[in-house]
Amino acid sequence: MEVLGVDACGRPGWTGIKLRDGAFAGSLVGLRLDVLIKRAAGAEAIAVDMPLGLIEKGWRAADLGARALLGARRNSVFLVAPRPAWREPDYLSAGDRCHELTGHRLSRQAWALAPKLLEARACWLADERIHEVHPEVSFFALAGGVPLDHAKKTWRGQNARRRLLAAAGIVLPDELGEADRVPVDDVLDAAAAAWSAQRIALGAAGRIPEVAELDGEGRVVEIRY
């Protein structure tokens, strides 16, 4: 069984870690997500670290639930604006629309993700193999339900995440192939997404929230892990 975990990165755009029967089976990088996914045509499940489902008003229960779960790592989960805000042409308009629908403005950090969020969302709507994940939630589950002590960009944080992946059978080699020049935290996030994709394919993955919310297109809005 083959699965794919994908993380957005600055250059070249997206990085993927493939697993075959739960073990590392290669890396992929690409400028466009749809092209990267086509290169993993045999994947039974694809997990993407990017908000995919959008509700019409208020904050997503998936994000609020993930924040509550992660405790000290809660700030790694940003609140995703409702769907109408992402249709606005610029940050100020999006912020106004978000405030109207949630009572709070959209952060600049969140708005900076708009191109990749919309790109990933289009892939999600077209391919039922694609699922939303959040790496910190995946690492929380890998650690037995305990938030990690150190951030993913720190030495201790990266080593802790690599050990957790190795203990789960995902041994990342020193030479990754295509992803050799991708920042370490993006590789680790893609590998955690792949671990969740494996659980999704096996029917063993958890979900946030437990009570489903629906996207404006009728699909379930959730974070899998």
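(A) The arrangement of the pairing of strand β1 (residues 2–8) in detail. Taking burial as the measure, the 7 residues of β1 include 7 buried ones, the bulk of the element. Going residue by residue along β1, you find E2, L4, V6 and A8 tucked away on one face and V3, G5 and D7 tucked away on the opposite face as well. Bridge analysis of β1 against strand β2 (residues 14–20) gives 7 bridges, and the strand direction is antiparallel. Directly across from L4, in β2, lies its bridge partner K18. Between β1 and the antiparallel strand that follows it, β2, lie 5 residues; G13 among them carries a positive phi value of about 150 degrees. Examined bridge by bridge, β1 and strand β4 (residues 45–49) share 5 bridges and lie parallel to one another. Bridge assignment links D7 to a residue of β4, and that residue is D49.

(B) Representation of unusual backbone geometry in the model. A cis amide bond links I208 with the next residue in sequence, P209, at an omega value of 0 degrees. The phi dihedral of D21 is positive, around 55 degrees, even though this residue is not glycine. The class for D21 is exposed, based on a relative accessible area of 58%.

(C) Just the packing of aromatic side chains, in detail. For the structure shown, the criterion picks out 1 aromatic pair. Ring plane angle 15 degrees and centroid distance 6.0 Å describe the contact between W86 and W111, whose orientation is recorded as stacked. Here the residue W86 occupies a position in helix α3 (residues 83–86), and W111 occupies one in helix α5 (residues 108–112), the gap between them amounting to 25 residues. On the basis of relative accessibility, which here comes to 4%, the residue W86 falls in the buried class. What makes W111 buried here is its relative accessible area of 17%. Note that R161 overlies the ring of F139, its terminal NZ or CZ placed 5.5 Å from the centroid.

(D) Broad picture of the sheet that holds β4. Spatially, the 5 strands line up as an open sheet ordered β3-β2-β1-β4-β5, and their pairing is mixed. Both edges of this open sheet fall to β3 (23–30) and β5 (130–132), since each of them pairs with a single strand only. Within the sheet, the average angular offset between the axes of one strand and its neighbour, ignoring direction, is 25 degrees. For β4 and β5, the ladder comprises 3 bridges, and the chain directions are parallel.

(E) Local environment of the pattern of salt bridges. Evaluated as defined, the whole model comprises 18 salt bridges. D34 is paired through a salt bridge with R32; the nearest N and O atoms lie 2.6 Å apart. Note on D34: relative accessible area 24%, which makes it partly exposed. The salt bridge involving R161 is made with E136; its shortest N-O contact spans 3.0 Å.

Definitions and limits used
- Residues numbered from 1 in each chain as written.
- Predicted model: local features only at pLDDT ≥ 70, side-chain atom pairs only at ≥ 80, totals over all residues.
- Heavy atoms only, no water.
- Buried < 20%, exposed > 50% of the residue type's maximum accessible area, 1.4 Å probe, protein only.
- Helix = DSSP H or I, 4+ residues; strand = E, 2+ residues; numbered from the N terminus.
- Pairing = 2+ DSSP bridges.
- Phe/Tyr/Trp six-rings, centres within 6.5 Å; stacked < 30°, edge-to-face > 60°.
- Lys NZ or Arg CZ within 6 Å of the ring centre and 35° of its normal.
- Axes fitted to C-alpha atoms, helices over the stretch in contact; angles between N-to-C directions.
- Salt bridge = Lys/Arg side-chain N within 4 Å of Asp/Glu carboxyl O.

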